[in-house]
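# Fold and geometry: a report
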Protein chains: 2
Amino acid sequence: MAIPVETFFLAPEAEGTLQAQIQQMIAQGILSGRFRKGEKLPSSRKLAAHLGVSRITVTLALTELQANDYLEARDRSGYYVSENAPEPPAFIAPTPRADTIDWSRALGRRFTGGDTPEKPQDWARYPYPFIYGQTDPALFDHTNWRHCALRALGQKDFQALTADYYDQDDPELIEFIARHTLPRRGILAQPSEILVTMGAQNALWLTAQVLLTQRRTAVIENPCYHALRDILTQSRCHLTPVDVDRDGLPPDALPDQADVIFTTPSHQAPTNATMPRARREALLAKAADMGALIVEDDYEFEVSFLRAPLPALKSLDTEGRVIYVGSFSKSIFPGLRLGYLVGSKAFIRECRALRASVLRHPPGHIQRTAAYFLSLGHYDSLVRRMGQVFSRRRKVMEEALAAHGLDVAGRGVFGGSSIWMEGPAHIDMGQLDARLRKRGVLVEPGAPFFHGKRRPRNFYRLAYSSIPSERIAPGITLLARELADCPE
Amino acid sequence: MAIPVETFFLAPEAEGTLQAQIQQMIAQGILSGRFRKGEKLPSSRKLAAHLGVSRITVTLALTELQANDYLEARDRSGYYVSENAPEPPAFIAPTPRADTIDWSRALGRRFTGGDTPEKPQDWARYPYPFIYGQTDPALFDHTNWRHCALRALGQKDFQALTADYYDQDDPELIEFIARHTLPRRGILAQPSEILVTMGAQNALWLTAQVLLTQRRTAVIENPCYHALRDILTQSRCHLTPVDVDRDGLPPDALPDQADVIFTTPSHQAPTNATMPRARREALLAKAADMGALIVEDDYEFEVSFLRAPLPALKSLDTEGRVIYVGSFSKSIFPGLRLGYLVGSKAFIRECRALRASVLRHPPGHIQRTAAYFLSLGHYDSLVRRMGQVFSRRRKVMEEALAAHGLDVAGRGVFGGSSIWMEGPAHIDMGQLDARLRKRGVLVEPGAPFFHGKRRPRNFYRLAYSSIPSERIAPGITLLARELADCPE
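Throughout what follows, the structure given in this document is the object of discussion. (Residues numbered from 1 in each chain as written. Chains lettered and ligands numbered in written order. Predicted model: local features only at pLDDT ≥ 70, side-chain atom pairs only at ≥ 80, totals over all residues. Heavy atoms only, no water.)

Let us now look at the overall build of chain A. Within chain A one finds 15 helices and 15 strands. Principal-axis analysis of the C-alpha atoms places the extent of chain A at approximately 85 × 55 × 50 Å. A buried classification covers 61% of the 488 residues belonging to chain A. If you take every contact in chain A between residues at least 6 apart in sequence, the share linking residues at least 24 apart comes to 74%. With an accessible surface of roughly 19,200 Å², chain A has 50% of that area assigned to carbon and sulfur atoms. Between the averaged position of the 59 positive side-chain charges in chain A and that of its 55 negative side-chain charges there is a distance of 2 Å. (Helix = DSSP H or I, 4+ residues; strand = E, 2+ residues; numbered from the N terminus. Buried < 20%, exposed > 50% of the residue type's maximum accessible area, 1.4 Å probe, protein only. Contact = heavy atoms within 4.5 Å. Areas by Shrake-Rupley, 256 points an atom, 1.4 Å probe, with all protein chains shown as cover. Lys, Arg positive; Asp, Glu negative; His and termini not counted. Charge placed at Lys NZ, Arg CZ, Asp CG, Glu CD.)

A separate point is the relation of the copies chain B and chain A. Comparison of the two chain copies shows a relationship of rotation about an axis with a shift along it. Taken as rigid bodies, chain B and chain A are interconverted by a rotation of 180 degrees and an axial shift of 0.1 Å, the fit giving an RMSD of 0.1 Å. When the rotation and shift are considered jointly, the pair of chain copies conforms to a two-fold rotation axis. For chain B, the residue whose C-alpha comes nearest the rotation axis is B:Leu150, separated from it by 3.4 Å. (Least-squares fit on C-alpha atoms with pLDDT ≥ 70 in both.)

Moving on, we come to the packing of aromatic side chains. The tally for this structure, following the rule as stated, stands at 33 aromatic pairs over all chains. Seen from their ring centres, A:Trp205 and B:Trp205 are 5.4 Å apart, and the 85 degrees between their planes marks the pair as edge-to-face. Of this pair, A:Trp205 sits in helix H8 (residues 199-211) while B:Trp205 sits in helix H8 (residues 199-211), placing the two residues on different chains. On the basis of an interplanar angle of 35 degrees and a centroid distance of 6.3 Å, the ring pair of A:Tyr324 and A:Tyr340 is categorised as tilted. Placement of the pair is A:Tyr324 in strand S9 (residues 322-327) and A:Tyr340 in strand S10 (residues 339-342), with a sequence separation of 16 residues. Judged by relative accessible area, which is 0%, A:Tyr324 ranks as buried. You can call A:Tyr340 buried: its relative accessible area is 2%. Feature note: the residues A:Phe140, A:Trp145, A:Phe333, A:Phe373 and B:Phe158 constitute an aromatic cluster, connected by ring pairs. When the ring centre of B:Tyr80 is taken as reference, the NZ or CZ atom of B:Arg74 above it lies at 3.7 Å. Across from the ring centre of B:Tyr372, 3.9 Å away, lies the NZ or CZ of B:Arg151, which sits over that ring. (Phe/Tyr/Trp six-rings, centres within 6.5 Å; stacked < 30°, edge-to-face > 60°. Lys NZ or Arg CZ within 6 Å of the ring centre and 35° of its normal.)

A cis geometry characterises the amide bond from A:Asn222 onward to A:Pro223, with omega recorded as -5 degrees. With respect to the helices and strands, A:Pro223 occurs in the loop between strand S5 (217-222) and helix H9 (226-235). Positioned with a positive phi, A:Arg360 is a non-glycine residue whose angle comes to about 65 degrees. Topologically, A:Arg360 is positioned in the loop between helix H11 (345-359) and helix H12 (364-375). The backbone of B:Arg337 sits at a positive phi, close to 55 degrees, despite the residue not being glycine.

On the surface, A:Arg45, A:Lys46, A:Arg55 and B:Arg384 cluster together into a patch of positive charge. Relative to the assigned elements, B:Arg384 resides in helix H13 (residues 378-403). Residue B:Arg384 is classed as exposed on the basis of its relative accessible area of 52%. (Patch = residues over 30% accessible without salt bridge, like charges linked within 9 Å, V, L, I, M, F, W, Y side chains within 5 Å. Salt bridge = Lys/Arg side-chain N within 4 Å of Asp/Glu carboxyl O.)

Residues and elements named next belong to chain B. Considering the arrangement of structural elements, one finds arginine 280 in helix H10 (residues 277-290). For arginine 280, which is buried and forms no salt bridge, the nearest opposite charge comes from glutamate 296, at a distance of 4.5 Å. Of note is the side chain of arginine 280, whose polar atom sits 2.9 Å from the backbone oxygen of proline 311. (Polar contact = N/O pair within 3.5 Å; in protein donor to acceptor, adjacent residues only side chain to side chain.)

A word on the sheet that holds strand S4 (residues 194-197) of chain B. Residues and elements named next belong to chain B. On the basis of which strands lie adjacent, the open sheet formed by 7 strands has the order S4-S10-S9-S8-S7-S5-S6 and mixed pairing. Two strands close off the open sheet at either side, each with one partner strand: S4 and strand S6 (238-243). The mean inter-strand angle of the sheet, taken between neighbouring strand axes irrespective of direction, is 20 degrees. Summarising the sheet, strand S7 (residues 260-263) and strand S8 (residues 293-297) pair through 4 bridges and their orientation is parallel. (Pairing = 2+ DSSP bridges. Axes fitted to C-alpha atoms, helices over the stretch in contact; angles between N-to-C directions.)

Residue and element names in this part refer to chain A. An order of S4-S10-S9-S8-S7-S5-S6 is seen for the 7 strands of this open sheet, with the pairing classed as mixed. Here the strands that pair on one side only, and so sit at the sheet edges, are strand S4 (194-197) and strand S6 (238-243). The mean inter-strand angle of the sheet, taken between neighbouring strand axes irrespective of direction, is 20 degrees. Two strands pair when backbone bridges link them, and S9 and S10 are joined in this way by 4 bridges, in the antiparallel orientation. Bridge pairing in S10 links serine 327 to glycine 339. Here helix H7 (residues 171-181) sits on the sheet and contacts S4 and S10; the angle it forms with S4, its principal contact strand, is near 115 degrees. Along the sheet, H11 makes contact with S4, S9 and S10, crossing S4 at roughly 30 degrees.

Moving on, we come to the side chain of A:Arg368. Residues and elements named next belong to chain A. Within the secondary structure layout, arginine 368 lies in helix H12. A relative accessible area of 7% places arginine 368 in the buried class. If sequence neighbours within four positions are ignored, arginine 368 has contacts with Ala152, Asp157, Ala160, Tyr165, Asp170 and Glu172.

Right, let's get into the pairing of S10(A). Residue and element names in this part refer to chain A. Residue alternation in S10 divides its side chains into two sets, Gly339 and Leu341 and Tyr340 and Val342, and both sets are buried. Pairing geometry for S4 and S10, over 4 bridges, is antiparallel. Paired with leucine 195 across the strands is leucine 341, a residue of S10.

Have a look at this one:
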């Protein structure tokens, strides 16, 4: 690859002759790894014109660099970074110049320091990855996804790929969601009541910004999805955690006053509880009494492989009280970042305006690819296949857990992709995590799911969505051994 | 396509016999357009099991629907929506049920009502689209983009496509930006000083959230990019507009106190002014005096086809004072939604945490595709080709404007993709816009770029980025005629 001439700048404050400055500039580029062996330099003519110096100065500098083996000349074709040039480590940009800004003062708001834990990006290297929410390469329908993406890259879809949609979405994806996806959940909605989002995360975030302020109160489940808690903490609203039981969020335990209730009726995250129909109706009635809105994160409804999923809470809503959050990221793949929000027009309108300000719209190509993947039936097949495989893995996991006498805290009866576990009371799973990783076992410590300062530290999540069946039993054996080895 | 059984729900409050309810449910699906002609219904066995009713009830309902020509039976293979079924209009979801929520109270914050104007999505249908910021199909390198996207969909990049990066980015794209893109602007940065964003819009938005609060002051250029003004208005900071001149933002006109200065030195938006080197240094010195940070939106530097672009303001910054915003969306295509933010580590860390909360990360596939498109040199070729074509179009436009004696308010001397125009003082370009559109001419009224209540209404932007050369002169002729026809 040729190094473009625009890469070269003489520092205005540099000292020494022009020739020395040019030599230094090129040598530093090589030493820092920016220019690599075999890459071609611009011609002396171009470089001279670009830098505004005489050609002879550049030629002298290049000749000198050749003598020092930084560069090599090839007949008629110019100078290249020499194969014998000094070896840079990897590319490491120079240490930044002294930063004189007082960032503790300059930052108006801080967003670091939330509950969301750091997770290992190299999870696939662990032999026993009981990791949650990543794609299993053995399950994902890569061929058909590729096929749909390719089709969405075609001339026919040029507009969908390239256009600035301003605040709008791909009409084909919206139509599919309205006509096929939502009716399966018992929901009928018009296009103006649907907004495509960058995953469920983005849907929850938009909802929080539009509905909550410092003067408003949100109810969250305890335990709950830690990233939701971070979103709400950042919104500075009052937070009222309500402990869930084996049927999910209990309406009787709700406070008298709240503005918004966040809930996961299909599969409570992380306990996997499914809210029974009667409780859904009680929750709606209670919310109406309180004058509260409900945000339904229809989390993991699609992996209800043990029993058919119940219709969404939103399908029972006759008042516009329920805001519905759906996602394709989980069941297609998390790197997709595609979800949607369904709610009353007045609410969606504000979310749309905010989304436009934050990022305009989710990329057109991704929306169109998903529309094809859904409408050609690949999504349904994928979900069916996931259900079959998860069902087998779950059985293996339950047997292994029983064999070792490990305590299940929440398994749910509809399916899901994980089991919620309770370790012995004296164990801190956060601490055990490092030891488990050394053994190649990846579990998810449960403390970040809980609210408040004194969080139980002995819970953990074991997912079976990315681990092959045959690894489950040996992984559980290692886990059981480490748990048993923990001193009381 | 088969209609999935999960689409069917009996409404709990429904009246009439079960058989009547089933008939009604299916007929309504057909009448509303949800089920389409030729689509296959689930088998009576499946439907009965799913609804929890006897099979004979379902069979009777289906037979009845067949008799009424809603359905047709095909030997052995089941029931299909009949070709003679009543015609639905297009798919129109039923009007939402009465929404009893008082949204004027329920909405905590409003985001609608900003300055960003609605733009026509069907711009390509206009014969004279002097529209700004859309892709010209004649210029974009669709073949190579497709090639790169396909490569990024390959087995080798499976992880980059599907993984949840949490708060991280594609390391290959980050490395390319650090090693090639930024050095061309005279900037050296480490990976921890770079964050990939959903276009420049998202970069500006993240920056505003992290740096500004209700107690802080931001300087903006006047006129300026309206969407930036909307972002800052939503942040509730104090806004101090400073009028630009033909060299962009004048440092002498800055107030004594401000926290953040937003500027577009490469090409002032919308006047196209390029800030000279001396003024850049004066701006940096003035900001240091004020203790203010500078946000440099390096807008349109890549279309400097008349003269080589000046190094970025950020390249002159030795203190960490400048935050740099770059974008690929403009020069590749706006639907891509890909940009980046460069700044001190402490700042990028907070932006990264906020981005994770808002949307996690830009989709992996898009990041990897861009990394290929850049590293294979297609981006450079595209920018070169755009420069050549824009240069010709600009010449044609300047000639046509001169021939009709239309007033240019800002053209810039480095290039760009538009010319900033001043109409006669008595003309309201917002009103003229509707008349121009009827003639097939699309221009951009300039009022939304200005600050405050009494905005000049006679400015407008004429872009040459999406209109073929040969349409420019006739389009300008129509424009000149409409302007001349306006009563004083």
